[in-house]
2 protein chains.
Amino acid sequence: MAALQRLQPVSHVAVSGGTHGNEMSGIYLVKHWLREPSALQRDSFSATPFLANPLAIERCVRYVGRDLNRTFTKQFLNSKATQDEPYEVQRARKINQLYGPKGSAQAFDFLFELHNTTANVGACLIASVQDNLLPMHMCHFIQTHCTLGHYPILLYNLPDQEAYSISSVAKHGLAFELGPQPQGVLRADLLTQMGALVACALDFIDLFNKGTTFPAFETEAYRFIGSVDYPRHPDGELCASVHSKLQVGTA
Amino acid sequence: MAALQRLQPVSHVAVSGGTHGNEMSGIYLVKHWLREPSALQRDSFSATPFLANPLAIERCVRYVGRDLNRTFTKQFLNSKATQDEPYEVQRARKINQLYGPKGSAQAFDFLFELHNTTANVGACLIASVQDNLLPMHMCHFIQTHCTLGHYPILLYNLPDQEAYSISSVAKHGLAFELGPQPQGVLRADLLTQMGALVACALDFIDLFNKGTTFPAFETEAYRFIGSVDYPRHPDGELCASVHSKLQVGTA
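Procedures and definitions
Residues numbered from 1 in each chain as written. Chains lettered and ligands numbered in written order. Predicted model: local features only at pLDDT ≥ 70, side-chain atom pairs only at ≥ 80, totals over all residues. Heavy atoms only, no water. UniProt positions renumbered as here; feature names shortened; annotations may be inferred. Pairing = 2+ DSSP bridges. Helix = DSSP H or I, 4+ residues; strand = E, 2+ residues; numbered from the N terminus. Contact = heavy atoms within 4.5 Å. Axes fitted to C-alpha atoms, helices over the stretch in contact; angles between N-to-C directions. Salt bridge = Lys/Arg side-chain N within 4 Å of Asp/Glu carboxyl O. Polar contact = N/O pair within 3.5 Å; in protein donor to acceptor, adjacent residues only side chain to side chain. Nonpolar A, V, L, I, M, F, W, Y, C, P; charged D, E, K, R; others polar. Expected span 1.5 Å × (residues − 1). Buried < 20%, exposed > 50% of the residue type's maximum accessible area, 1.4 Å probe, protein only.

As named in an unreviewed UniProt entry, chain A is N-acyl-aromatic-L-amino acid amidohydrolase (Carboxylate-forming) isoform X2, taken from Alligator sinensis. Taken from UniProt, the Cofactor (unreviewed entry) comment for chain A reads in full: "Zn(2+)".

Here it is as structure tokens:
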């Protein structure tokens, strides 16, 4: 990864929680920051917290009509409102209006998205393959400065695939995916870790804004190469599970 | 607890999974036993596996219309079918017809129910306070013979409260509540442990049927004395979580 030098400051920053309404770490962090915004303030900027999918949060479900985090493509963002469209298409347009428009000069400089998974991924940093330099330096800064865990990097989309997640409405973005955590459940350890990750990322932006130069580096990043299904019976039913030695939290 | 001697054998035994459609250990065990019933056979009887709430299992939700496991009271079981009644009221009547009727001489002798929870309860044995001698001896047998864990006993209903869970349609019943496991997720360790618990309980019934006498004993059992809510902000939002030192599976 090439060196990073400040051209324009990163001043308009937002942090979204609850893009999926049953991923509780980000939901509770954002609710906390809405009460006490000082944790998101740095010398050179303040980040804006917001809840992305209020109706799904209220119902504690991933989404109501369709997956909000697959709805930030130009197809949906530029579509005309219709009466029977899914709630999430309306929300995507609204979020694009507030923090975008996607691809425009008026868009926010940086948008964080906070996720949980039931999978044992630890704390995964997820970026778009098309949005490289700034988020990758942020990931590297987190990997070297945040000591609570190991932070693998995932590039979630393919090189020729439009970024479709909420952070793609801003100029740059990064998602934090922490697991394992059951849907609808809040674990204090992951809440603490996610708060520390956001704090570390905001520190990075502040250093960047103050003119710090970040030298070139090499790191490892994962990308999608294919899916491996579970073994199944002829009728499609699963006939195996993940081995208990590959689980955490074994009783 | 007084000594237990065989009067009538326990010959009609059923094992229900998926009373709640997103509690996967029991669902996958029952699906497995439906393919390979030999694991439920003993010299003196064979247990019948069944899925209690097929529609909720298909949708991977706790229930579709109302909580099936609060629907086995006489009020619901003796109600007349109506067009707009919840799916689970129909299912409760059907299950009562197959394995009950509740309170009758024709009812099955024993019904197991298999549950999971996201709470860190380990492997909890849950009985009705009105159905005491046989299930309590079974619990004691499990506590002394099953070495995979610690098995606390919970008496779930109050002395003057009608038993409302699925096992109450049979003459005797016991529920296994294993956690923590996310809803919709299958953990190999809990699957193994639940299978071992059922096997141990069936061994107990077989010994009972063969005339084994079980002496009196003392043990500890929990009962409901009250609820403690989370600390909340004035608007009702939670302002605390369970401390990470009280969690298992801390990353």
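Draft legend 1. A look at the sheet that holds strand β7 (residues 172-179) of chain A. Residues and elements named next belong to chain A. Strands sit in the order β2-β3-β1-β4-β7-β5-β6-β8 across an open sheet of 8 strands; the sheet is mixed. Single-partner strands in this sheet number two, and they are β2 (41-42) and β8 (222-223). Bridge count for strand β5 (residues 122-127) against β7 is 5 bridges, and the pairing is antiparallel. When the bridges of β7 are listed, Ile126 appears paired with Ala175. Its contacts with the sheet put helix α1 (residues 24-35) on β1 (13-17), β3 (45-51) and β4 (110-116), and the angle it makes with β3 is roughly 125°.

Draft legend 2. Just the interface of chain B and chain A, in detail. Taken together, the 24 residues of chain B in the interface contact 24 residues of chain A. Across the contact surface, chain B and chain A share 4 salt bridges. Here Glu237(B) ties to Lys31(A) by a salt bridge, and the two come within 2.8 Å at their closest N and O atoms. Summed over the shared surface of chain B and chain A, the result is 6 residue pairs in polar contact (both at pLDDT 80 or more). Elements supplying a minimum of two residues to the side of chain B that touches chain A: α1 (24-35) and α6 (188-209) of chain B. With 3 residues, α1(B) is the single largest residue contributor to the side of chain B that touches chain A. Looking at the side of chain B that touches chain A residue by residue, the class counts come to 9 nonpolar, 9 polar and 6 charged.

Draft legend 3. A look at helix α5 (residues 133-145) of chain A. Residue and element names in this part refer to chain A. Across its 13 residues, α5 extends 18 Å between first and last C-alpha, which sits within 8% of the 18 Å expected from 1.5 Å per residue. When α5 is considered as a whole, its buried residues turn out to be Leu134, Pro135, Met136, His137, Met138, Cys139, Phe141 and Ile142. Summarising the contacts, the buried residues of α5 are in contact with β4, β5, β6 (153-155), β7 and α6 (188-209).

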